[in-house]
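Given next are the chains, with one letter for each unit.
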Amino acid sequence: SMASPALLMRVVASAYSVAEKAATIVRNVMSTGDLGIVEKAGPTDLQTKADRLVQMSICASLARKFPKVTIIGEEELPTDDVTEDLIEDGHCEEILKKPCPAQYTGIKEEELVIWVDPLDGTKEYTEGLLDHVTVLIGIAYGGKAIAGVINQPYYNYEAGANAVLGRTIWGVLGMGAFGFQLTEAPAGKHIVVTTRSHSSALVNECITALNPDHVIRVGGAGNKIIQLIEGKASAYVFASPGCKKWDTCAPEAILHAVGGKITDIRGNSFQYNKEVKHMNSAGVLATLRNYDYYASRIPNTVKESLVP
C-alpha cells in the first residue's frame, strides 16, 4: 500500500481547496453590491465583508483539519461562531499525489505556521480593480516560507462572459510552482513593479535611482509577485514599511520555488516563525532573476532610512 501523504502535502492540498472556496466568497460578496467597508488605520487601510468572511473560512477550515498548526491571519476577528457554510473540507487530489520533498517529510503539525491574507489588495477590490486581488495562504517551517497558495478570484475577468473566472497558483520549495506559465521578463529591460496606493518620497527616490525603463503601479503583494513570475516585471521594489508577513509568505514560497529571490530593501531574509513581528518594516525587494543587479543599485540613503 502507498504510504499516506506527508503532512506538508496534506496541508498544501487542503489550502488549495480552501483558497478556491475563499475565491467564491470574494466573488459572492462583490456580486451582492454590499462590500461592508470599514476603515482600520485610515482611508488606505480598509476591511470589507469579504476580508472578514474569507479569513474566518480559511482559518476555521484549516484549524479543524490541522488543530496543532499555528494560523496567523491579517484581520483581528473572533475565531468562534464560524458558520458551517464557511467551512471547506476538500483537498486537491493532484497535490496529494506528488511526493513531498525529502527535507519536509518529517514535519509535525505544531512546527508549521500558516500566514493568511484573506484579501490582498482590499483597496483595489473596493475600487473595482479586480485583477489586483489575491487570496494568500503561506506555510512556514523553521521560520522560512516553504509552501504557498495564491488564488486570483478574478483572473480572466476581462475575457468575456464565458471565461472561467479565477485560478490557483501553488508551490513548494524543492518541488516547484504550478498553475501558471513561468516566463522571464524581457532581457535587458528594467521593468519595476511597485505600490499603487502606498507611495511616498522614499518609494519614488528608490525607484528613480534604479533608472527603470518602465514602472508598473499595482495593488497587492501577491499580484506583484505574479507580475515577476509571468515576466511582466523584472523587479518588485517597495522602499517603505507597510507590507506584513501575511503579504509576503505565500508569494515568497512560490517565487523561491522557481529560483527567484525576495528580501527586505537591505537584503535581509524575512522570518516567519510565530513569535516574529508582523511588519516587514524595511520594505521589499524581489526578482525572478538578476536580484544582485537591483540590490546593488538601492541607494544607501534609502537603506539607512528603513530600519528592520
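Small disclaimer: the values here were computed from a predicted structure and weren't measured. (Residues numbered from 1 in each chain as written. Predicted model: local features only at pLDDT ≥ 70, side-chain atom pairs only at ≥ 80, totals over all residues. Heavy atoms only, no water.)

A short note on the nonpolar core
Soluble, globular proteins show a tendency: their nonpolar side chains are buried together.
Here comes step 1: Core analysis: the biggest nonpolar cluster contains 107 residues, and Tyr125 and Tyr236 have the highest contact counts within it.
Here comes step 2: By residue number, the principal contributor to this core is helix α1 (residues 7-32), which donates 14 residues.
Here comes step 3: Not counting the four nearest positions on each side in its chain, Tyr125 is found in contact with Val26, Val29, Met30, Leu35, Thr48, Ala50, Leu119, Leu130, Val133 and Tyr154. (Core = buried A, V, L, I, M, F, W, Y, C linked by side-chain atoms within 4.5 Å. Buried < 20%, exposed > 50% of the residue type's maximum accessible area, 1.4 Å probe, protein only. Helix = DSSP H or I, 4+ residues; strand = E, 2+ residues; numbered from the N terminus. Contact = heavy atoms within 4.5 Å.)

A short note on the pairing of strand β11 (residues 235-238)
Here comes step 1: Burial along β11 is two-sided: the residues Ala235 and Val237 and Tyr236 and Phe238 are all buried.
Here comes step 2: Where strand β9 (residues 191-194) and β11 come together, 2 bridges link them in parallel fashion. Note that in β11 the partner of Val192 across the bridge is Ala235.
Here comes step 3: One ladder, built from 3 bridges, connects β11 with strand β13 (residues 284-287); its direction is antiparallel. For Val237, the partnering residue across the bridge sits in β13 and is Leu285. (Pairing = 2+ DSSP bridges.)

Focus: the UniProt feature "binding site: Mg(2+)" (unreviewed entry) in the protein
Here comes step 1: Under the UniProt annotation, the feature "binding site: Mg(2+)" (unreviewed entry) is placed at Glu74, Asp117, Leu119, Asp120 and Asp247. Spanning 174 residues, the annotated positions come together in the fold, the maximum distance between their C-alpha atoms being 9.6 Å. Of the annotated set, the members that line the largest pocket are Glu74, Asp117, Leu119, Asp120 and Asp247.
Here comes step 2: Here Leu119 shows up in strand β4 (residues 112-120).
Here comes step 3: Residue classification places Leu119 among the buried residues on the basis of a relative accessible area of 1%.
Here comes step 4: Apart from residues lying up to four places away in sequence, Leu119 is in contact with Val26, Thr48, Ala50, Asp51, Tyr125, Val133 and Thr134.
Here comes step 5: Within the fold, Asp247 resides in helix α7 (residues 245-257).
Here comes step 6: Exposure remark for Asp247: the relative accessible area of 9% places this residue in the buried category. (UniProt positions renumbered as here; feature names shortened; annotations may be inferred. 1 Å grid on protein atoms, 1.4 Å probe; cavity = no way out; pocket = protein on both sides within 12 Å on 5 of 7 lines; lining within 4 Å.)

What about the side chain of Thr195?
Here comes step 1: If you trace the backbone, Thr195 turns up in the loop between β9 and α5 (201-209).
Here comes step 2: In terms of polar contacts, Thr195 uses its side chain to reach the backbone amide nitrogen of His198, at 3.0 Å.
Here comes step 3: Setting aside chain neighbours within four positions, we find Thr195 in contact with Val203, Arg217, Val218, Lys224 and Phe238. (Polar contact = N/O pair within 3.5 Å; in protein donor to acceptor, adjacent residues only side chain to side chain.)

Thoughts on the domain arrangement of the protein
Bring the parts together and some accessible area is lost; that lost area is often taken as the interface size.
Here comes step 1: Once the domains are mapped, the protein shows domain 1 (7-178) and domain 2 (191-305).
Here comes step 2: For domain 1 and domain 2, the distance between their C-alpha centroids amounts to 21 Å.
Here comes step 3: With 41 residues of domain 1 in contact, the opposing surface of domain 2 contributes 30 residues.
Here comes step 4: Interface area, domain 1 with domain 2, both sides summed: about 2,600 Å², of which 65% is carbon and sulfur.
Here comes step 5: The interface formed by domain 1 and domain 2 contains 3 salt bridges.
Here comes step 6: Linking domain 1 with domain 2 are 8 residue pairs in polar contact (both at pLDDT 80 or more).
Here comes step 7: Where the side of domain 1 that touches domain 2 is concerned, the elements lending two or more residues are β3 (70-73), β4, α4 (122-126), β5 (134-141), β6 (144-152), β7 (167-172) and β8 (176-178).
Here comes step 8: Broken down by element, the residue count for the side of domain 1 that touches domain 2 peaks at 8 residues, all from β6. (Domains from an automatic or database assignment. Buried area = accessible area lost by both parts, 1.4 Å probe. Salt bridge = Lys/Arg side-chain N within 4 Å of Asp/Glu carboxyl O.)

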